Amino acid sequence: MEEMEKSAVRRIGVLTSGGDAPGMNAAIRSVARSAFRRGIEVVGIRRGYAGLISGDIFPMTSADVSRIINRGGTVLYTARSDEFRSVEGQQKAAATCKLLGLEGIVAIGGDGTFRGACDLSKFGISVVGIPGTIDNDIVCTDYTIGFDTAANTAVDCIDRLRDTMQSHERCAVVEVMGRHAGYLALHVGVAVGATAVLVPEYPYDFNEHVAEKIRRARLSGKTNFIIVVAEGAVPAVFVGEQIRAELGLDPRVTILGHIQRGGAPTVKDRVMATRMGYEAVRVLAEGKTNRVICAEGDRIIDRDIAEGLAMKKTLNPEEFKVMTVMTGT
Ligand code: F6P
């Protein structure tokens, strides 16, 4: 029998908050299993910070996290809580933690979730964040859980669109998620061999970013075109109208929407979620607080959560350059 690892905390809570992402269940499972291994009790908190305010919680057992590693969504449900944005809401959430003896909270989500964790920490609660969002837009980590699955889902959908666009010699304008970040659009656009990719990080210019690329592609003999648009760049419907009006094509617009957020997580998301869940528990067990778990190259590390939130992320310039070459300018 292996010796149980020592821990600075005896009972912790785990929650998921903000937009769900495939792999969140794998992270919950890993947090629970890693904690049990150290003799730490785990409480599941439903509906993110809202559940912490209302006390919608339950003691987790090993059975609660059985057979969830392969499931999309989050078994803990998720929400964006308006009440938690107020100091009163935060006080109530902190009071729940104290009442239940929760010495640490693992919060799985995006940057809004991490800001919430920072707010909670001001009331003396130890917090650690795990990055989970399909947008991959969290500044301090190279990777966020859910991105790989969402990108593969979008690529699968667009490959299907390509077949019919090819048969009819048409143009498809496809909107992928990403209100503020173009990572998903950039990766998906490169992977499907798009004619053009539009991202929110670069101001939209129809002539430069769409018309010119379609003209060049036509000159090289192409008769079908895929334009990938991040939702935060410009509405795909608007791009379609411009293509019709100015280039005389008959485009079809598809908005992939929340399809991208569902489905079984890929191997990468399951493994990353499991590694990050393990690290989150290690950090709390070592008595650390205000940390965020990050991927740095091949390593999983932890950083100060406030410092992590303050970092500025831009699109990887090398990846962006490759996209511009592949799309022909
Ligand atoms: O943050 C993840 C994300 O999927 C964004 O890409 C998208 O803009 C947003 O969530 C959609 O949120 P909601 O679930 O509220 O429609």
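Higher on the page you've got the structure.
Residues numbered from 1 in each chain as written. Predicted model: local features only at pLDDT ≥ 70, side-chain atom pairs only at ≥ 80, totals over all residues. Heavy atoms only, no water.

K.L.:
How should I be thinking about the pattern of salt bridges in this particular structure?
P.N.:
Oppositely charged side chains can form a pair if their charged atoms are brought close together. If you walk through the whole model with that rule in mind, you get 21 salt bridges. Between Arg 47 and Asp 56 there is a salt bridge; the shortest N-O distance is 2.7 Å. Note that Asp 82 is salt-bridged to Arg 85, the shortest N-O span being 2.5 Å. The exposure class assigned to Asp 82 is exposed, which follows from its relative accessible area of 59%. (Salt bridge = Lys/Arg side-chain N within 4 Å of Asp/Glu carboxyl O. Buried < 20%, exposed > 50% of the residue type's maximum accessible area, 1.4 Å probe, protein only.)

K.L.:
Whenever I open this one, the packing of helix α5 (residues 147-168) against helix α6 (residues 183-192) confuses me. Can you help?
P.N.:
Angle between the axes and distance between the axes: these two values describe a pair of packed helices. Where α5 contacts α6, the two axes come as close as 9 Å, and the packing angle between them is 45 degrees. The orientation of α5 with respect to α6, classified from their angle, is oblique. Between α5 and α6 lies a crossing of right-handed hand. The segment α5 lies against α6, with Phe 147, Ala 150, Ala 151, Ala 154, Val 155, Ile 158, Asp 159 and Arg 162 engaging Tyr 183, Leu 184, His 187, Val 188, Ala 191 and Val 192. (Axes fitted to C-alpha atoms, helices over the stretch in contact; angles between N-to-C directions. Helix = DSSP H or I, 4+ residues; strand = E, 2+ residues; numbered from the N terminus. Parallel < 35°, antiparallel > 145°, perpendicular 65-115°, else oblique. Left-handed = near helix turned anticlockwise from the far one by under 90°. Contact = heavy atoms within 4.5 Å.)

K.L.:
Looking at this structure, I do not really get the packing of aromatic side chains. What am I missing?
P.N.:
Any aromatic ring pair is given by two values, namely how distant the centres are and how the planes are angled relative to each other. Scanning the model with the defined rule gives four aromatic pairs in all. With a centroid separation of 4.1 Å and an interplanar angle of 5 degrees, the aromatic rings of Tyr 202 and Phe 320 are classed as stacked. Note that Tyr 202 is positioned in the loop between β7 (196-198) and α7 (206-219) and Phe 320 in helix α11 (residues 317-326), a separation of 118 residues in sequence. On the numbers, 6.4 Å between centres and 65 degrees between planes, the contact of Tyr 204 with Phe 238 is edge-to-face. Taken together, the residues Tyr 204 in the loop between β7 and α7 and Phe 238 in helix α8 (residues 236-247) connect sequence positions 34 residues apart. One residue, Arg 47, lies across the ring of Tyr 77, its end atom 4.7 Å from the ring centre. Its end group placed over the ring of Tyr 143, Lys 268 keeps NZ or CZ at 4.3 Å from the ring centre. (Phe/Tyr/Trp six-rings, centres within 6.5 Å; stacked < 30°, edge-to-face > 60°. Lys NZ or Arg CZ within 6 Å of the ring centre and 35° of its normal.)

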